[in-house]
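Chain by chain, the residues run as shown.
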Amino acid sequence: MLELAALATTIPVAGGLLDRPASAAAAYGQAVSTSAASGADPTLPDYEPIPPSAFGPTLNANGYYAGRIKGNLYWITDGIYQSMILSTRTGIVLVDAPPSIGHNLFRAIENITKANGRPSRVTHIVYSHSHADHIAAAGLLGKSVLRIGHSETRQLLKFTPDPNRPLPQITYDNHYTLEVGGERLELRYHGPNHSPDNTFILAPAYETLMVVDVLYPGWTPFLNLSVAQDIPAWYKSHDQVMSYPWKTFVGGHMGRLGRRPDGDLQRQYIRDLERSAREAIATVDVTPYWSKYVGESGNSWGLVRQYFDAMARQAAAPVIKAYSGRLAAVDVLTESHALVLIESLRVNNGLVPIHE
Ligand SMILES: [Zn+2]
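Residues numbered from 1 in each chain as written. Predicted model: local features only at pLDDT ≥ 70, side-chain atom pairs only at ≥ 80, totals over all residues.

Under the annotation held in an unreviewed UniProt entry, the chain carries the name MBL fold metallo-hydrolase and is attributed to Kribbella antibiotica.

Pasting the structure below:
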């Protein structure tokens, strides 16, 4: 998912890249070498327009937006990634540090604490999970910061050492309460979903829940059901997210915060896709694919490629139609979701035929 950060400026935010100050594009360095107007390859496909409801606030000249969620809780976005910033009496507790936001974290914190008179030093960082695209700016925070994460996050980071993602010194298994300078976060683990180590981060005083790479307010999830490493558990995590009494949701992605109707909408989209995927498994006839590939040349993977793609196309089509204009980019990624859901229904839910 690291490539996604480099692509950040090719995706319009709040009315289009052309509206953004030139200095915002420059912040991405070599990723943008020409202006948005002349840089597009005319052979690339067009997609359906993004519904205005999917966009968040306009980014500033440095390419970010930071704002208050409630009380002493703030958030920052670059239009694709998000962090949460808790301003306490003794310093800042940061939740995630996406490399695409990078040094803008410090600019935002400076502005926030200038306005509220609280200290700007980052004393703690909470890792939502181990993935670099969400925490690889943690190395910028220096050695004295206290890093907190799930024990599995620590294991994963030990497995693929990265100086940009120093190990958490404080780990937890099921539940951890972080109290700093009169503020409190509750960290909870509900098992694997998108990743084996994904943490639910609750700010009870501000009725806010942060869970990364599950709900994408306003948008269809990232490719292949958010590249979930455990698809049935990722599916179930929608219910776990919605069972918390939050009013504001921080999903770690895209340019705006979530409200409860965003959660209801994505859960319904995924349920509808499951229903359609089950129907595709039951109705797409394997015979022509078997005859062409296995029968003619013994190419079993040819069968898999074409038969699975046919099921995914059939499963996705009615769902794209139903959610077009309500969830952004369903035309872009629903087929990818259908493909991995179909395979998950086969191997995890047992939708496989038994030989006569
Ligand atoms: Zn991730």
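On we go.
**With respect to the sheet that holds strand 7 (residues 170-172)**
Heads up, the rule is: What makes two strands pair is DSSP finding at least two bridges between them. Helical segments are the DSSP runs of H or I of at least four residues, strand segments are the runs of E of at least two, and each set is numbered from the N terminus. Each axis is a line fitted through C-alpha atoms, and for a helix only the stretch in contact is used; angles between axes span 0 to 180 degrees, taken between their N-to-C directions. Any two residues are considered in contact once their C-beta atoms, placed from the backbone, lie within 7 Å.
Reading across the sheet, the 7 strands line up as 1-2-3-4-5-6-7 and stay open at both edges, with mixed pairing between neighbours. Only two strands of the sheet have a single neighbouring strand rather than two, namely strand 1 (65-70) and strand 7. When strand polarity is set aside, the average angle formed by the axes of neighbouring strands in this sheet is 20°. Across 5 bridges, the pairing between strand 1 and strand 2 (residues 73-77) is antiparallel. Following the sheet pairing, Tyr65 is matched in strand 2 by Thr77. Against the sheet, helix 4 (residues 104-116) makes contact with strand 1, strand 2, strand 3 (82-87), strand 4 (92-95) and strand 5 (122-126), and its axis sits at roughly 30° relative to strand 3, the strand it touches most. Relative to the sheet, helix 6 (residues 151-159) contacts strand 6 (146-150) and strand 7, its axis offset from that of strand 6 by approximately 100°.

**A few points about the packing of helix 10 (residues 287-297) against helix 11 (residues 300-323)**
What counts is decided by this rule: Working rule for angles: under 35 degrees goes down as roughly parallel, over 145 as roughly antiparallel, 65 to 115 as roughly perpendicular, anything else as oblique. Left-handed describes a crossing whose near helix is turned anticlockwise from the far helix by less than a right angle; the clockwise case is right-handed.
The contact between helix 10 and helix 11 brings their axes to 7 Å, and the two run at 150°. Classified by the interaxial angle, the pair formed by helix 10 and helix 11 is roughly antiparallel. Two packed elements cross with a definite hand, and for helix 10 against helix 11 that hand is right-handed. Across the interface between the two elements, Tyr289, Trp290, Tyr293 and Val294 of helix 10 pack against Ser300, Gly302, Leu303, Gln306 and Tyr307 of helix 11.

**Focus on the environment of Gln229**
The following threshold applies: Each residue is classified by how many other C-beta atoms fall within 10 Å of its C-beta atom, where C-beta atoms are placed from the backbone; a count of 20 or more means buried, 12 or fewer means exposed, and values in between mean partly exposed.
As for its position among the elements, Gln229 is in the loop between helix 7 (223-227) and helix 8 (231-243). Overall, the presence of 14 C-beta atoms within 10 Å leaves Gln229 in the partly exposed class. Sequence-wise, Gln229 and His194 are 35 residues apart; in three dimensions their C-alpha atoms are separated by 5.4 Å. Residues in contact with Gln229, not counting those within four places in the same chain, are Pro192, His194, Ser195 and Pro196.

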